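Structural overview for review
The primary structure of each chain is shown beneath.
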Amino acid sequence: MLNYDEIKKVDPEIYEAIMNEVERQYHNLELIASENIVSEAVMEAAGSVLTNKYAEGYPYRYSRKSGELLYRLYGRYYGGCEFVDDVERLAIERAKELFGAQHANVQPHSGSQANMAAYFTLIKPGDTILSLELTHGGHLTHGHPLSFSGKLFNIVPYGVNKDTEQFDYEMIREKALECKPDMILTGASAYPRSIDFKKFREIADEVGATLVVDMAHIAGLIATGLHPNPIPYADIVTTTTHKTLRGPRGGMILCKEKYAQELDKWVFPGIQGGPLEHIIAAKAVAFKEALADDFVVYQKQILANAQALAKGLIKRGFNLVSDGTDTHLMLLNLGSEEEGGPSGKKMEGSLDIAGITANKNTVPFDTRPPFVASGIRLGTPAVTTRGMKEAEMDIVADFIRKVYDNYDDEEQLIKIKEDVQALCAQFTIFEELRK
Ligand code: DSN
């Protein structure tokens, strides 16, 4: 049972901030596509005594003679690791089972660190990466000039087709033939369509590149077979564990056995020091939940809700990038500055006043800068965890239309908030904490 009595006594200021966040999460409609609400079991593991333990190293090492994986042999730089070894081994085994991978490293503190370790395993500074442009749905670590990726590697971006706003594999192939990348990177933070990893593998093979897939957003869909699995095609797959996968905030890397030792060395000691064993325990719990039969029911509902929300928005006159979605997320295209109407930034602020949490996002070929942007990204993982279904998604689409129609009218936005909160109150969370 969740209980924050000790924090209340020891540090009332932090207690107050946490309780304010509890109320915010309870009352607001959470539509940020990369967020979710973890189970109490995941939270308990994340808040456990494992936070006290140093465990630099790994719970196993390879036999020099046979190359065979041997557990519990001199893998750590600290004593007393026998129980965190159990935790990390369980997380590794469950991750491998969940995605059908040969090797898993569950130590990356984040998706960014997972990506960094993956790149360093396959390529060296100065090498060329062909990756998805940020403004077309890519991620900062896929080559933005301010990220390590853009600073250390030669980045050649690919985008979506202007007409379909979807990947055009022939266009990507031509780009690859032109720039001869050392590595091709796919996966996205704001691409609503299914990705054909087989096609990416074929392109990589044709130009002699390695292939990395960042599946962070769609990991839950992949784990349940609702999106094609990149494992058979990619040299290395990276992910976060907290999005559709519904685990704690953190990262993970999956790869073929031939990269395992090099990759592990890049995570530790290459990039990180001591692993966060309490978070690794929470990852293990989340993986167990994801291996259970009802997780596929949850993921199917995420998709059904995304379809219902997209339909509700289109019905109310909105344009969606690529006209819809195959996944948990969609992008509202609010139009350019010349067309009038709110920017992504403005709409994000108006939604916030109405109790709806979402984020501004560039749309393909956006003419506004990323911090202003012409789109809003919406996702259904968190509302689905709360228990909402298709009927509620139509109501949510209606809220969003009302916010759009009144984006500059604070009084109206506050009225909409009352309805938003009434809907959220029907799908309770954190009951014990709020008593
Ligand atoms: N920042 C994450 C997202 O919102 O998609 C990606 O890491």
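In the block above lies the structure referred to throughout.
Scope of this entry: the structure provided in the associated data block. Quick caveat, the model's predicted, so the values are computed rather than measured.

Observations concerning the packing of helix α7 (residues 169-179) against helix α8 (residues 197-207)
- Close contact between α7 and α8 brings their axes to 10 Å; oriented N to C, the two are set at 20°. In terms of orientation, α7 lies roughly parallel with respect to α8. Like other packed secondary-structure pairs, α7 and α8 cross with a definite hand, here right-handed. Residues Tyr169, Ile172, Arg173, Ala176 and Leu177 of α7 form the contact with α8, whose own contacting residues are Lys199, Phe200, Ile203, Glu206 and Val207.
- Of the residues that constitute the contact of α7 with α8, the class distribution is seven nonpolar, no polar and three charged.

Notes on the packing of aromatic side chains
- Here the structure, examined in full by the defined rule, presents 14 aromatic pairs.
- Geometrically, the ring pair formed by Tyr119 and Phe148 is tilted, given 5.8 Å between the ring centres and 35° between the ring planes. Placement of Tyr119 in helix α5 (residues 111-122) and of Phe148 in helix α6 (residues 148-152) is noted, with a sequence separation of 29 residues between them.
- Here the aromatic cluster, defined as three or more aromatic residues joined through ring pairs, consists of Tyr119, Phe120, Phe148, Phe153 and Trp266.
- Cation over ring: Arg246 sits above Tyr298, and NZ or CZ is 3.9 Å from the ring centre.

Considerations on the site of the ligand
- Surveying the vicinity of the ligand reveals the residues Ser34, His139, Ser189, His217, Lys243 and Arg377.
- For the ligand, an oxygen atom lies 2.7 Å from a polar atom in the side chain of His217.
- In the model, an oxygen atom of the ligand is placed 2.7 Å from a nitrogen or oxygen of the Arg377 side chain.
- Split by residue class, the shell around the ligand holds no nonpolar, four polar and two charged.

Here we look at the nonpolar core
- Judged by nonpolar contacts, the single largest core of 59 residues is most densely connected at Phe99, Phe167, Ile184, Phe200, Met215, Leu245 and Leu254.
- If near-sequence neighbours (up to four positions away) are discounted, Leu245 is found in contact with Leu98, Phe99, Ala219, Gly220, Ala223, Thr240, Phe287, Ala290 and Phe295.
- Ala308, Val383, Ala397 and Ile416 belong to the second-largest nonpolar core, a separate cluster that totals 33 residues.

Things to note about the sheet that holds strand β10 (residues 251-255)
- The seven strands lie next to each other as β4-β10-β9-β8-β7-β5-β6, forming an open sheet whose pairing is mixed. The open sheet has two edge strands, β4 (103-105) and β6 (154-158), and neither has a second partner. Neighbouring strand axes in the sheet, compared pairwise and without regard to direction, differ in orientation by 20° on average.
- Summarising the sheet, β4 and β10 pair through three bridges and their orientation is antiparallel. Within β10, the residue paired with Ala104 across the bridge is Leu254.
- In this fold α7 packs onto β5 (128-132), β6 and β7 (183-186), with an angle of close to 165° to the strand it touches most, β5.

Overview of the pattern of salt bridges
- Per the stated rule, a full pass over the model turns up 24 salt bridges.
- A salt bridge links Lys346 to Asp408, with the shortest nitrogen-to-oxygen separation between them at 3.0 Å. Here Asp408 lies in the loop between α15 (390-405) and α16 (410-425) and Lys346 lies in helix α13 (residues 344-353), a separation of 62 residues in the sequence.
- Classification of Lys346 as partly exposed rests on a relative accessible area of 36%.
- Overall, Asp408 belongs to the exposed group, its relative accessible area being 60%.
- Between Asp405 and Arg401 there is a salt bridge, with its nearest N and O atoms 2.9 Å apart. Taken as a pair, Asp405 and Arg401 lie in helix α15 at a separation of four residues, close to a single helical turn.
- Its relative accessible area of 23% is what places Arg401 among the partly exposed residues.
- Ionic contacts of the salt-bridge type, sharing partners, join the residues Lys315, Arg316, Asp394, Asp398 and Lys402 into one network.

Considerations on α8
- Among the residues making up α8, those that are buried are Phe197, Phe200, Arg201, Ile203, Ala204 and Val207. One side of α8 holds all its buried residues, which, seen down the axis, span an arc of 165°.
- In this fold, the buried residues of α8 make contact with β6, α7, β7 and β8 (210-214).
- Taking the backbone nitrogen of Lys198 as reference, a side-chain oxygen 3.2 Å away marks Asp196 as the first, capping residue of α8.
- Gly208 sits one or two residues past α8 and shows a positive phi near 70°.

Digging into the environment of Pro275
- By secondary structure assignment, the location of Pro275 is in the loop between α10 (260-271) and α11 (277-291).
- Once you skip the residues sitting within four places of it in the chain, Pro275 turns out to touch Ala55, Glu56, Arg76, Glu88, Gln107, His109 and Ile280.

Side note on the environment of Ala284
- Mapped onto the fold, Ala284 is located in helix α11.
- Residues Ala284 and Val296 lie 12 residues apart in sequence; the distance between their C-alpha atoms is 18 Å.
- Dropping the residues within four chain positions of it, Ala284 is found in contact with Val87, Ala91 and Arg94.

Some thoughts on the environment of Ile231
- Take Ile231: it is sitting in the loop between α9 (219-223) and β9 (236-240).
- Counting along the chain gives 55 residues from Ile231 to Ala286, while the straight-line C-alpha distance between them is 20 Å.
- Setting aside residues no more than four positions away along its own chain, Ile231 makes contact with Phe99, Gly100, Ala101, Val237, Leu254 and Lys256.

Definitions and cut-offs
- One numbering rule holds for all chains: residues counted from 1, following each sequence as written.
- Whole-chain, interface and lining totals are the exception, using all residues; otherwise, since this is a predicted model, local features are given only for residues with pLDDT of at least 70 and side-chain atom pairs are given and counted only at 80 or more.
- Water and hydrogen atoms play no part in the side-chain values, which are based on all heavy atoms of the structure.
- Angular values range over 0 to 180 degrees, each being the angle between N-to-C directions of two axes fitted as lines to C-alpha atoms, with helices fitted over their stretch in contact.
- Going along the chain from the N terminus, every DSSP run of H or I of four or more residues is numbered as a helix, and every run of E of two or more is numbered as a strand.
- By definition in this entry, angles of less than 35 degrees are roughly parallel, angles greater than 145 are roughly antiparallel, angles of 65 to 115 are roughly perpendicular, and the rest are oblique.
- Crossing handedness is defined as follows: a turn of the near helix away from the far one that is anticlockwise and smaller than a right angle gives a left-handed crossing, while the clockwise case is right-handed.
- Only heavy atoms enter the contact rule, under which two residues are in contact if any of them lie within 4.5 Å.
- Residues are grouped as follows: Ala, Val, Leu, Ile, Met, Phe, Trp, Tyr, Cys and Pro are nonpolar; Asp, Glu, Lys and Arg are charged; every other residue, Gly included, is polar.
- Centre distance within 6.5 Å is the pairing criterion for rings of Phe, Tyr and Trp, where only the six-membered ring of Trp is used; planes under 30 degrees apart are then read as stacked, over 60 as edge-to-face, and the remainder as tilted.
- Charge-over-ring placement is defined geometrically: NZ (Lys) or CZ (Arg) within 6 Å of the ring centre, and within 35 degrees of the ring normal.
- Here a residue is considered near a molecule or strand provided that any single heavy atom belonging to it is located within 4 Å of it.
- Nitrogen and oxygen atoms within 3.5 Å of one another constitute a polar contact, given that in protein one can donate a hydrogen and the other can accept it, and given that sequence-neighbouring residues count only through two side-chain atoms.
- Think of a nonpolar core as a cluster: buried Ala, Val, Leu, Ile, Met, Phe, Trp, Tyr and Cys residues, connected wherever their side-chain atoms sit within 4.5 Å.
- Exposed residues in this analysis have more than 50% of their type's maximum accessible area, buried residues have under 20%, and partly exposed residues fall in between, with area computed by a 1.4 Å probe over protein chains only.
- Any two strands with at least two DSSP bridges between them are considered paired.
- Here, a salt bridge means any Lys or Arg side-chain nitrogen found within 4 Å of an Asp or Glu carboxyl oxygen.
- This arc is built from the directions going out from the helix axis to the C-beta atoms.

Geometry only, nothing functional implied.
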